Amino acid sequence: MRASATPAHKAVLASARAGPHNARVHALLAPADLSRAEALERCEAYLGTRIRRWKLARLCLPRASRDGLVALLAWHALARELTDLPSGFERRRGLDELGHELDLALRENPESAIGRALSYAARRHELAEELLRRPLLERGRDEHLATFETREALLGHARALAVPEGRLYLTVLGHASARNEALSDACALALQRTHWLAHLGLNLARGRVHLPMDELLRARVELGELTGGSAELSPALAGVLASELAEVRELYARGWELCRTLGPLRGRLFAFVLRWHAATLSALEARALDARRGPPPAGWLRLLACASASLVSSAPPRFR
């Protein structure tokens, strides 16, 4: 027998069915008189629509910091969902609503589910306002960033999006320090750039190129090749992608020490997250670095391999 959906799941699913061009406010941003527990329930229902195997992942969250992590995970997932809308009114409106709710949450006067959950987390864990605002401001600027002239510009964009998120999680877990923040920054950049590589084709279809344009030009990569105009990668484009992949692997290696710092349990859980995403790079290599075809499939075999390796040790894999 199929279980009936909870009110929180119904609200989230109704918002998802509305589609990106519907004028309805997102379920997590809709004004609602909710208790903190009800707000967190809606956040968890939403995460179930955004994170594969969320119910399993939720069981691995440390109990003492679970509410704060759920609030932050939902906040950043919602920001990413709104950012992925086509450029235009709906995208700008969604990000404006998110920014308004952040203002209310920080003033301890939230109106929505996501605002109430975030407001409690911000107070309890003394989350820095700048870390919450910086990625949101960068996402608003992202509408006008189709290409990046240099690697430094691309890295600056990645830092503004990913570094604050990593530091917020570190604060909630109670491990914030200068050394740990440096390790977290490397991991956050590795995860962000892995995502860009895996979704290169999708972002190209949206008119965004997350590769340094000056390096593409120096390598004499034809722009038509980026959109899949040719069946196989040219040696020039393969070389640019190989260089990008190697640099991302170096970031994983540089930040992996954070797994040991987090302790036996949390360190192994974080090692699993890093292994899962780092495996995307190996999967891209297995198909000759062609990142234009979308993210490589990730099924139960990858899950079992990453989980078993992380259970044995939080030590890093051998990066080639």
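Residues numbered from 1 in each chain as written. Predicted model: local features only at pLDDT ≥ 70, side-chain atom pairs only at ≥ 80, totals over all residues. Heavy atoms only, no water.

1. Side note on the overall build of the protein
Inference 1: Along the backbone of the protein there are 16 helices and zero strands.
Inference 2: Relative to the globule expectation of 20 Å for 320 residues, the C-alpha radius of gyration of the protein, 20 Å, shows essentially globular dimensions.
Inference 3: Overall, the protein is about 60 × 50 × 45 Å in size when its C-alpha atoms are taken along their principal axes.
Inference 4: A fraction of 72% describes how many contacts in the protein between residues 6 or more apart in sequence connect residues 24 or more apart.
Inference 5: Summed over its atoms, the accessible surface of the protein is roughly 15,900 Å², and 56% of this surface lies on carbon and sulfur atoms. (Helix = DSSP H or I, 4+ residues; strand = E, 2+ residues; numbered from the N terminus. Rg over C-alpha atoms; globule rule 2.2 N^0.38 Å. Contact = heavy atoms within 4.5 Å. Areas by Shrake-Rupley, 256 points an atom, 1.4 Å probe, with all protein chains shown as cover.)

2. Some remarks on the packing of helix 5 (residues 89-106) against helix 7 (residues 129-142)
Inference 1: Interhelical geometry of helix 5 versus helix 7 gives an angle of 170° and a closest axis separation of 10 Å. With respect to helix 7, the element helix 5 is oriented roughly antiparallel. The chirality of how helix 5 crosses helix 7 is left-handed. Within the contact between the two elements, helix 5 uses Arg-91, Leu-95, Leu-98, Gly-99, Leu-102, Asp-103 and Leu-106 and helix 7 uses Glu-129, Leu-132, Arg-133, Leu-136, Arg-139, Gly-140 and Asp-142.
Inference 2: In terms of residue class, the contact of helix 5 with helix 7 is built from six nonpolar, two polar and six charged. (Axes fitted to C-alpha atoms, helices over the stretch in contact; angles between N-to-C directions. Parallel < 35°, antiparallel > 145°, perpendicular 65-115°, else oblique. Left-handed = near helix turned anticlockwise from the far one by under 90°. Nonpolar A, V, L, I, M, F, W, Y, C, P; charged D, E, K, R; others polar.)

3. Points about helix 5
Since there are 3.6 residues in each turn of an α-helix, residues three or four apart along the chain are aligned in direction.
Inference 1: With 18 residues, helix 5 should cover 26 Å at 1.5 Å per step; its first-to-last C-alpha distance of 26 Å lies within 8% of that length.
Inference 2: Residues Glu-90, Arg-91, Arg-93, Gly-94, Leu-95, Leu-98, Gly-99, Glu-101, Leu-102, Leu-104 and Ala-105 constitute the buried set of helix 5.
Inference 3: Turning to helix 5, the residues buried within the fold contact helix 4 (66-83), helix 6 (113-125) and helix 7.
Inference 4: In the segment just after helix 5, Glu-108 is the residue with positive phi, at about 60°. (Expected span 1.5 Å × (residues − 1). Buried < 20%, exposed > 50% of the residue type's maximum accessible area, 1.4 Å probe, protein only.)

4. With respect to the pattern of salt bridges
Inference 1: In total, this model carries 21 salt bridges according to the counting rule given.
Inference 2: Put simply, Arg-93 and Glu-97 hold a salt bridge, and the shortest N to O gap is 2.9 Å. Here Arg-93 and its partner Glu-97 are both found in helix 5, four residues apart, which amounts to about one turn of the helix.
Inference 3: Across the salt bridge formed by Arg-260 and Glu-257, the nearest N and O atoms sit 2.9 Å from each other. With Arg-260 and Glu-257 both in helix 14 (residues 257-261) and three residues apart, this pair spans about one turn of that helix.
Inference 4: Assessed through its relative accessible area of 45%, Arg-260 is described here as partly exposed.
Inference 5: Its relative accessible area of 29% is what places Glu-257 among the partly exposed residues.
Inference 6: Residues joined by salt bridges that share partners form a network here, namely Arg-151, Arg-193, Glu-215, Glu-244 and Glu-247. (Salt bridge = Lys/Arg side-chain N within 4 Å of Asp/Glu carboxyl O.)

5. A short note on the confidence of the model for the protein
Inference 1: Per-residue pLDDT for the protein has a mean of 87; in total, 91% of the residues score no lower than 70.
Inference 2: Mean pLDDT per element in the protein: helix 1 (residues 7-18) is the minimum at 47, and helix 6 is the maximum at 97.
Inference 3: Ignoring residues within four places in sequence, the model shows residues 12-23, a span with pLDDT below 50, making 19 contacts including any to other chains. (pLDDT = per-residue confidence, 0-100.)

6. Looking at the side chain of Asn-180
Inference 1: Counting through the fold element by element, Asn-180 comes out in helix 9 (residues 178-198).
Inference 2: Judged by relative accessible area, which is 6%, Asn-180 ranks as buried.
Inference 3: Separated by 2.8 Å, the side chain of Asn-180 and the backbone oxygen of His-175 make a polar contact.
Inference 4: If we skip the residues at most four places from it in the chain, Asn-180 touches Leu-170, His-175, Leu-258 and Thr-261. (Polar contact = N/O pair within 3.5 Å; in protein donor to acceptor, adjacent residues only side chain to side chain.)

7. Thoughts on the environment of Glu-222
Inference 1: Tracing the sequence through the fold places Glu-222 in the loop between helix 11 (213-218) and helix 12 (223-226).
Inference 2: Between the C-alpha atoms of Glu-222 and Leu-137, which are 85 residues apart in sequence, the distance is 33 Å.

8. Overview of the side chain of Glu-138
Inference 1: Checked against the element boundaries, Glu-138 lands in helix 7.
Inference 2: Overall, the relative accessible area of 8% leaves Glu-138 in the buried class.
Inference 3: At 2.6 Å, the side chain of Glu-138 and the side chain of His-157 are in polar contact.
Inference 4: With near-sequence residues (within four places) excluded, Glu-138 lies in contact with Leu-145, His-157, Ala-160 and Leu-161.

9. Topic: the state of the cysteines
Inference 1: Counting across every chain of the model gives zero disulfides.
Inference 2: Here Cys-259 stays free of any disulfide, with the sulfur of Cys-187 as its closest cysteine sulfur at 6.4 Å.
Inference 3: Overall, the relative accessible area of 0% leaves Cys-259 in the buried class.
Inference 4: For the unlinked cysteine Cys-306, the closest cysteine sulfur is that of Cys-259, found at 12 Å.
Inference 5: Here Cys-306 falls in the buried class, since its relative accessible area comes to 6%. (Disulfide = S-S within 2.5 Å.)

10. Observations concerning the packing of helix 8 (residues 151-173) against helix 9
Inference 1: The contact between helix 8 and helix 9 brings their axes to 7 Å, and the two run at 120°. Judged by the inter-axis angle, helix 8 sits oblique to helix 9. For the pair helix 8 and helix 9, the crossing hand works out as right-handed. Residues Arg-151, Leu-154, Leu-155, His-157, Ala-158, Arg-159, Leu-161, Ala-162, Val-163, Gly-166, Arg-167 and Leu-170 of helix 8 form the contact with helix 9, whose participating residues are Asn-180, Glu-181, Ser-184, Asp-185, Ala-188, Leu-189, Gln-192, Arg-193 and Trp-196.

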